[in-house]
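Coordinate inspection notes
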Amino acid sequence: MKVVNLKQAILQAWKERWSDYQWAINMKKFFPKGATWDILNLADALLEQAMIGPSPNPLILSYLKYAISSQFDDFSRDLCVQALLDIMDMFCDRLSCHGKAEECIGLCRALLSALHWLLRCTAASAERLREGLEAGTPAAGEKQLAMCLQRLEKTLSSTKNRALLHIAKLEEASSWTAIEHSLLKLGEILANLSNSQLRSQAEQCSTLIRSIPMMLSVHAEQMNKTGFPTVHAVILLEGTMNLTGETQSLVEQLTMVKRMQHIPTPLFVLEIWKACFVGLIESPEGTEELKWTAFTFLKIPQVLVKLKKYSHGDKDFTEDVNCAFEFLLKLTPLLDKADQRCNCDCTNFLLQECGKQGLLSEASVNSLMAKRKADREHAPQQKSGENANIQPNIQLILRAEPTVTNILKTMDADHSKSPEGLLGVLGHMLSGKSLDLLLAAAAATGKLKSFARKFINLNEFTTYGSEESTKPASVRALLFDISFLMLCHVAQTYGSEVILSESRTGADVPFFETWMQTCMPEEGKILNPDHPCFRPDSTKVESLVALLNNSSEMKLVQMKWHEACLSISAAILEILNAWENGVLAFESIQKITDNIKGKVCSLAVCAVAWLVAHVRMLGLDEREKSLQMIRQLAGPLFSENTLQFYNERVVIMNSILERMCADVLQQTATQIKFPSTGVDTMPYWNLLPPKRPIKEVLTDIFAKVLEKGWVDSRSIHIFDTLLHMGGVYWFCNNLIKELLKETRKEHALRAVELLYSIFCLDMQQVTLVLLGHILPGLLTDSSKWHSLMDPPGTALAKLAVWCALSSYSSHKGQASTRQKKRHREDIEDYISLFPLDDVQPSKLMRLLSSNEDDANILSSPTDRSMSSSLSASQLHTVNMRDPLNRVLANLFLLISSILGSRTAGPHTQFVQWFMEECVDCLEQGGRGSVLQFMPFTTVSELVKVSAMSSPKVVLAITDLSLPLGRQVAAKAIAAL
């Protein structure tokens, strides 16, 4: 057969763009029946034709693939192998395709096939070399192996080729399995070769091939930084405001921060411990200190156990934790101050807990303990007097944790069989700080909701007793009162969400839940004193008024306590009216209030709850008697005829009343002296300076935080108060304005780290405002574009991406306690802001349509092969009624329009920074990523930007789990 005929065939195939199948059929014309192709002639013809164009046509590579797969497995024919290797040498580092997406996918597959053939050829050459060495004729095999490895190295050193192979692997999983088998076989053969240079070269190629599936998950960690204020602030925020939050959600949040900021694990764990010790040191004495202790020594070890599961290996993580403690031991002043505050060796207790949880080996624990013990000998000596006999809170908290479990078991027993025994257990819980210790331990270990549920059941059980004598009646009254007071205390300390059951409705709702939701004053909750819950059956009210006014003390037998609690508000109104109209004297009021608080403190709590709602509705000159009645109910009762544990119950009652009255007392500029327990029950109350505009307070506190470089607990509470007062849009907008004022890069980046942690106060709502209102406003208003220049523009892009990723990864889960608690204004109806139907222009689209170029980009897609708004999220059928999904979809549509418009400026540079940050933070642009909302057409626009025109970027921003995503990626990469 003459070569010229082959050349004619290839020329014809080139012009007519034959498929593999057409090629095979037409080649029969040039070959007699039963003849085999001459691979040398084929190679020569392919080479000559390939040289015609500026780069190899994918069809030629396809023909070569077909020839290899169907005709050539004989690697002993040196000249044929050499000819094919020459072809590979010619195209392997300059592949490109500007055809259809299907052709680009074909190029990926052909390259994968060629790689497989090349690996087999390399393995055959290595085997031949080994046989030649044994026979004493190694030259031929060595030369061919060197040629194969050279082509492998040249092919794989190109990031573009590896990206195309990455796509091919997802297209043809079975072919990739074959490549992995070939790699194993090649490794076995080369292991016995004496030529170290060839073996090293082969190992490098194998490493490159094995890195292809993971080429998007490699990120450089920040080894030059030692402080990470975002981690610090997230820990402080959780420890201060969200002890009852789920451990898993905190783990996910911390993992997200670690990934976004590329923090090495030892420094990450170190920052967690640093934040915990700072929280312990600065926590106010009392309940807050106990909560921080429980958070540090009970909850954080559990968080690290879960983080260990996210790491690549148990052994590595254990070494990282050990390394973190080694770093921590060098922070002697911090540890000494924590020891001084907690009156013990904090590090010792922490190491013991980490050892119990398997986070450190026994040897590591002992070694670290010894180092700290030696270091403590040089610490300033603490006074041995008054603190010597006080048990450290850490010890008490660690003991309280198993006690919580035992109490829960006790509460499961039948209350009717041994109410006195149960009363004894509850009475001990009320003494000293036992209750707060147990509640803190329960909150930190996720048992507080179960704890509250047991007390709600007990409270329901004791509301009414039939045919009882005096002693059982007093036990029942005490069990009702203690359970009621405990539940109020839990709701005020940890949030009412801990109390509420999720599934009960109507008649199934327990009395305490009903009362708490409708009658109990809370921060941000406005109560109506005329609500039906405050207006029970009039006959019951009359009998209660008579009982309070005429009896020397409250009767207990057959008393329906829940009815008394619901009737007390109306009874107080009648008594108040009688007092104001001169029917009752002050002495009578004293007797009535003493009766109310004399036996069960819960009646006083219910009475004050209504009085607080009532006072809000009164004029300045009408409040005196209502406030005087609150003073009477809050004061101590000097009487011997009280029920058991009275003093302990009064302490809790006064704490509850003080919190209930705080709002209304501040608003009415009134002071009521509540009996002091020696501890500030509301340490973070009333932090804002009086008579200063809240915007000034916000900018001032942010400037101080930025100067310090970290957020403390007090600042977190001030930010939370300002967010509550000003609303989400006001809060977010003003802080973004402060960020955009930063002109120094290091200050702008520090501001981003701090703002992200501040926004964690209500990340979901802040993200909706930032991405749905503030960014579109900046990007579509040319008068504001100057504010998006570097460095503030880069910083804002980074912050926006961090908020988007955090909110999207967590918005399917439950909102945290602090986010549920907040009373928010409705920012705007997101369904009307961003309509579902693309035909109906949204507000954002109307903004865009003011620019003719932008409007053209977003015009009807009928003349295009793909809709300008089609994205992976639509193929995944993501719920677009979700506000965050809508905001993300419209933001990426805006980004796509900016990239496609002819107007360049700081806003286009901002879009580039935004996309770069997305790529930097995401391991891969796949299902579940915010990038799934980006229209497919954006990819081709992005690669036109020089900084984004890399194969890795294309892989990262496209959803490779979808066939269409792979086609888009292949087309963009093949054209680079």
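Just so we're clear, the structure is a prediction, and the values are computed from it rather than from any experiment.

The helix and strand inventory of the protein stands at 46 helices and zero strands. Counting all 976 residues of the protein, 55% fall into the buried class. For the protein, the share of sequence-separated contacts (at least 6 apart) that also reach a separation of at least 24 residues comes to 80%. In the form shown here, the protein has an accessible surface area of approximately 42,000 Å², with 51% of it arising from carbon and sulfur atoms.

Next up on the list: helix α32 (residues 713-726). The end-to-end C-alpha distance of α32, which contains 14 residues, comes to 20 Å, matching closely the 20 Å that a straight helix rising 1.5 Å per residue would cover. Downstream of α32 by a residue or two, Gly-727 has a phi angle that is positive, lying close to 95°.

Turning next to helix α42 (residues 883-900). With 18 residues, α42 should cover 26 Å at 1.5 Å per step; its first-to-last C-alpha distance of 26 Å lies within 8% of that length. With 17 of 18 residues buried, α42 lies mostly within the body of the structure. Near the N-terminus of α42, the side chain that reaches the backbone nitrogen of Leu-884, with its oxygen 3.0 Å away, is that of Asp-882.

On inspection of all chains with the given rule, the structure shows 23 salt bridges. Between Lys-291 and Glu-288 there is a salt bridge; the shortest N-O distance is 3.4 Å. With Lys-291 and Glu-288 both in helix α14 (residues 287-310), this residue pair falls three residues apart, about one helical turn. Across the salt bridge formed by Asp-700 and Lys-704, the nearest N and O atoms sit 3.4 Å from each other. Highlighted residues: Asp-700 and Lys-704, both in helix α31 (residues 694-708), separated by four residues, approximately one helical turn. By sharing partners, the salt bridges in this structure join Asp-336, Asp-339, Arg-372, Asp-375 and Arg-376 into a single network.

Our next topic: the packing of α14 against helix α19 (residues 393-411). Relative to each other, α14 and α19 sit at 70°, their axes nearing to 9 Å. Taken together, α14 and α19 sit at an angle that is classed as roughly perpendicular. Between α14 and α19 lies a crossing of right-handed hand. Residue-level contacts link Glu-289, Leu-290, Thr-293, Ala-294, Phe-297 and Leu-298 of α14 to Asn-393, Ile-394, Ile-397, Leu-398 and Glu-401 of α19. Residues of the contact of α14 with α19, tallied by class, amount to seven nonpolar, two polar and two charged.

Let's shift gears to the nonpolar core. The tendency in soluble globular proteins is for nonpolar side chains to be buried as a group. Trp-515, Phe-759 and Met-915 are the most contacted members of the largest nonpolar core, which has 316 residues in total. The residues touching Phe-759, leaving out its near neighbours within four places in the chain, are Phe-731, Cys-732, Leu-735, Ile-736, Val-766, Leu-799 and Cys-803.

With that settled, the discussion passes to the side chain of Thr-247. Among the secondary structure elements, Thr-247 is positioned in helix α12 (residues 247-260). Under the relative-accessibility criterion, Thr-247 is labelled buried at 18%. Setting aside its immediate chain neighbours within four residues, Thr-247 contacts Lys-299, Gln-302, Val-303 and Lys-306.

Our focus in this paragraph is the packing of aromatic side chains. For the structure on display, the rule yields 15 aromatic pairs. Look at Trp-579 and Phe-586: their rings are 6.1 Å apart centre to centre, the planes differ by 35°, and that puts the pair in the tilted class. On the basis of relative accessible area, Trp-579 is assigned to the buried category, the value being 10%. Measuring from centroid to centroid gives 5.6 Å for Tyr-808 and Phe-933, while their planes differ by 85°, and the two rings are edge-to-face.

What follows concerns the packing of helix α17 (residues 346-356) against α19. Contact pair α17 / α19: the axes reach a minimum separation of 10 Å and the direction vectors enclose 25°. The angle between the axes of α17 and α19 places the two elements in the roughly parallel class. Counting all contacts with α17, which are made through Cys-346, Phe-349 and Glu-353, the residues of α19 involved are Ile-394, Gln-395 and Leu-398. Grouping the constituent residues of the contact of α17 with α19 by class yields four nonpolar, one polar and one charged.

Glancing now at the environment of Thr-226. Take Thr-226: it is sitting in the loop between α10 (196-211) and α11 (229-241). Looking at Thr-226, the relative accessible area reads 60%, which means it is exposed. For the pair Thr-226 and Phe-268, spaced 42 residues apart in sequence, the C-alpha to C-alpha distance is 9.3 Å.

The next point concerns the confidence of the model for the protein. Averaged over every residue, the pLDDT of the protein is 79; the share at 70 or more is 77%. Per-element confidence in the protein ranges from a low mean pLDDT of 36 for helix α40 (residues 852-857) to a high of 94 for helix α33 (residues 728-739). Considering only residues more than four positions removed or in separate chains, one finds that residues 30-41, a stretch of pLDDT under 50, has 25 contacts. Residue range residues 813-830 is modelled with pLDDT below 50. Its contacts to residues more than four positions away, or to other chains, number 47 contacts.

It is worth spelling out the state of the cysteines at this point. In total, this model carries zero disulfides according to the counting rule given. Among the cysteines around Cys-108, which has no disulfide bond, Cys-104 carries the closest sulfur, lying 7.4 Å off. A relative accessible area of 0% means that Cys-108 is categorised as buried. Unpaired in terms of disulfides, Cys-346 finds its nearest cysteine sulfur in Cys-342, a separation of 3.7 Å. For Cys-346, a relative accessible area of 0% corresponds to the buried category.

This paragraph deals with unusual backbone geometry. At the junction of Asp-790 and Pro-791, the peptide bond is cis and its omega measures out at 10° in the coordinates. Tracing the backbone through its elements, the reader meets Pro-791 in the loop between α35 (763-780) and α36 (792-810). Its identity is not glycine, yet Asn-343 carries a phi of approximately 60°, on the positive side. Mapped onto the elements, Asn-343 comes out in the loop between α16 (332-342) and α17.

Here Asp-781 is to be found in the loop between α35 and α36. Residue Asp-781 is classed as partly exposed on the basis of its relative accessible area of 26%. Expressed as a C-alpha distance, the spacing of Asp-781 and His-907, which sit 126 residues apart in the sequence, is 9.4 Å. At 2.7 Å, the side chain of Asp-781 and the side chain of Ser-783 are in polar contact.

Reading guide: rules and limits
Position labels on residues start from 1 in each chain and follow its written sequence. Note on the predicted model: pLDDT of at least 70 is required for a residue's local features to be given, and 80 or more for side-chain atom pairs to be given and counted; whole-chain, interface and lining totals, by contrast, use all residues. Here the side-chain values reflect all heavy atoms present in the structure, with hydrogen atoms and water set aside. By definition, any uninterrupted DSSP run of H or I lasting at least four residues is a helix, any uninterrupted run of E lasting at least two residues is a strand, and each is numbered from the N terminus. Between buried and exposed lies partly exposed: a residue is buried under 20% and exposed over 50% of the maximum accessible area for its type, with that area taken using a 1.4 Å probe on protein chains only. We call two residues in contact whenever any of their non-hydrogen atoms come within 4.5 Å of each other. With residues, only the protein chains shown are counted as cover, and all accessible areas are computed by Shrake-Rupley using a 1.4 Å probe. Take the number of residues in a helix, subtract one, and multiply by 1.5 Å to get its expected span. Under this definition, polar contacts are N or O atom pairs within 3.5 Å; protein pairs additionally need one hydrogen-donor-capable and one acceptor-capable atom, and for neighbouring residues in sequence, both atoms have to be side-chain atoms. Any carboxyl oxygen of Asp or Glu that lies within 4 Å of a side-chain nitrogen of Lys or Arg is treated as forming a salt bridge with it. In this analysis, axes come from line fits to C-alpha atoms, helices being fitted only over the stretch in contact, and the angle between any two N-to-C directions falls in the range 0 to 180 degrees. Oblique is the label for any angle not covered by the other classes, which are roughly parallel (under 35 degrees), roughly antiparallel (over 145) and roughly perpendicular (65 to 115). Crossing handedness follows the turn of the near helix against the far one: under a right angle anticlockwise gives a left-handed crossing, and clockwise gives a right-handed one. Amino acids are sorted into nonpolar (Ala, Val, Leu, Ile, Met, Phe, Trp, Tyr, Cys and Pro), charged (Asp, Glu, Lys and Arg) and polar (every other residue, Gly among them). Here, nonpolar core refers to any group of buried Ala, Val, Leu, Ile, Met, Phe, Trp, Tyr and Cys residues whose side-chain atoms link them within 4.5 Å. Centres within 6.5 Å are what make two rings of Phe, Tyr or Trp a pair, Trp counting through its six-membered ring; a difference in plane orientation under 30 degrees is then read as stacked, over 60 as edge-to-face, and the rest as tilted. The predictor attaches a confidence to each residue, called pLDDT, with possible values from 0 through 100. Cysteine sulfurs are considered disulfide-paired once they come within 2.5 Å of each other.

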